[in-house]
Amino acid sequence: MATDGEALTLSVEEAAVYDRQIRLWGADAQQRMSTSRVLVLGRVRSNLGNELIKNICLAGVSSIILCSVNDVQGQGFLGDSLDEVRNSVQDINRFVKVEILEGEEAAANAVESSTAVCLVGFDSLPSIMSIAKSCRKGGIGLFVGECIGLFGAAYFDLGVRSYAEEDKDSGKLIQKVIDYPSYADTFDDTGVPKAPKTPGAIALGEMLRLKSNSSEDVEELTVSYARAVAETYERTGVGGKQRHSEQHLRSFAHAARTEVPPVSAIVGGIYGREVIKYLTGKDEPLNNLFFFDAIR
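Attention in this report is confined to the structure presented alongside it. Every value quoted in this text rests on a predicted model; they were computed, and no experiment measured them.

Our focus in this paragraph is the side chain of E259. Structurally, E259 is set in the loop between α11 (246–254) and α12 (261–280). Buried charge without a partner: E259 forms no salt bridge, and the closest opposite charge is R43, 7.8 Å away. Within the structure, E259 has its side chain in polar contact with the backbone nitrogen of N47 (distance 2.8 Å). A polar contact is formed between the side chain of E259 and the backbone nitrogen of L48, at a distance of 3.3 Å.

As structure tokens, this is what we get:
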């Protein structure tokens, strides 16, 4: 991982390619981007994984490390295989190096040499907890994204993070600091967010609980899901008139085992933007959960 003291001079060719970005966030921020190594772990061939990879590739990171876990072949637009994804990335931006790793163990070893770690559709809660602890210990930004049917979410743990924000009155850059809660402080032992307890968060959380149960057919999943959400609404007293109707919940459950490309594009755009903010140190990052509900 590049240290704060490392200097990098962009080549004339790179400066020409990244000219618009340099004008937007400055040469120093682009140089920080160009020393960054981003590990993408999980369903990297999914639409959400491809959206994330595309966005950070266009921004001009130094390298992207890909490790496919529980992946579904042929879902994303960058290619059916990791080799095809790598070729697509280098077609988009020839300055970005792409590495491919095999297995979670190899990926875990790559965490400490990464600038940021991005998990996509990652099902193993113990593995997420382990990676989150490693990122906290190493001062490495952790990003977790998920798309399930008509819902999507992203979570960010950046530790104690400083960033520069332009003062609206003076136009000067002001340094600010956010102290992020850890993964363990944000999620319960089933991986469901402890807060905010909004109708959307509850609906997504219950689907995260149920999605791994592949023994249920779509109709059984729909019934059990709608019942679980309704019970959680009643138990927590959350939602009121903002609660999802049973019809909405059934529509969500029917689509839960598919990726909806527009949802992946929206969540992937937010996901990628937050990674770029982290790598450049520019603009206020989200703190620290993002939910997208296409039903609303």
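After presenting the structure, the write-up continues.
Okay, the packing of aromatic side chains next. Summed over all chains, the structure comprises eight aromatic pairs. For the ring pair F143 and F156, a centre distance of 5.7 Å and an interplane angle of 65 degrees mean the geometry is edge-to-face. Note that F143 is positioned in strand β5 (residues 141–148) and F156 in strand β6 (residues 151–157), a separation of 13 residues in sequence. Accessibility assignment for this pair places F143 and F156 in one class, buried. When the centroid spacing of 5.3 Å and the interplanar angle of 85 degrees are considered together, the rings of Y155 and Y183 count as edge-to-face. Note that Y155 is positioned in strand β6 and Y183 in helix α8 (residues 183–186), a separation of 28 residues in sequence. One exposure class covers both Y155 and Y183, and it is buried.

This part covers the environment of S127. The topology assignment puts S127 in helix α7 (residues 125–138). Residue class for S127 comes out buried when judged on its relative accessible area of 17%. Each C-alpha atom of the pair S127 and F292 lies 25 Å from the other, and the pair is 165 residues apart in sequence. In contact with S127, other than residues within four places in its own chain, are E104 and F122.

What counts and how
- Residues numbered from 1 in each chain as written.
- Predicted model: local features only at pLDDT ≥ 70, side-chain atom pairs only at ≥ 80, totals over all residues.
- Heavy atoms only, no water.
- Helix = DSSP H or I, 4+ residues; strand = E, 2+ residues; numbered from the N terminus.
- Buried < 20%, exposed > 50% of the residue type's maximum accessible area, 1.4 Å probe, protein only.
- Lys, Arg positive; Asp, Glu negative; His and termini not counted.
- Salt bridge = Lys/Arg side-chain N within 4 Å of Asp/Glu carboxyl O.
- Polar contact = N/O pair within 3.5 Å; in protein donor to acceptor, adjacent residues only side chain to side chain.
- Phe/Tyr/Trp six-rings, centres within 6.5 Å; stacked < 30°, edge-to-face > 60°.
- Contact = heavy atoms within 4.5 Å.

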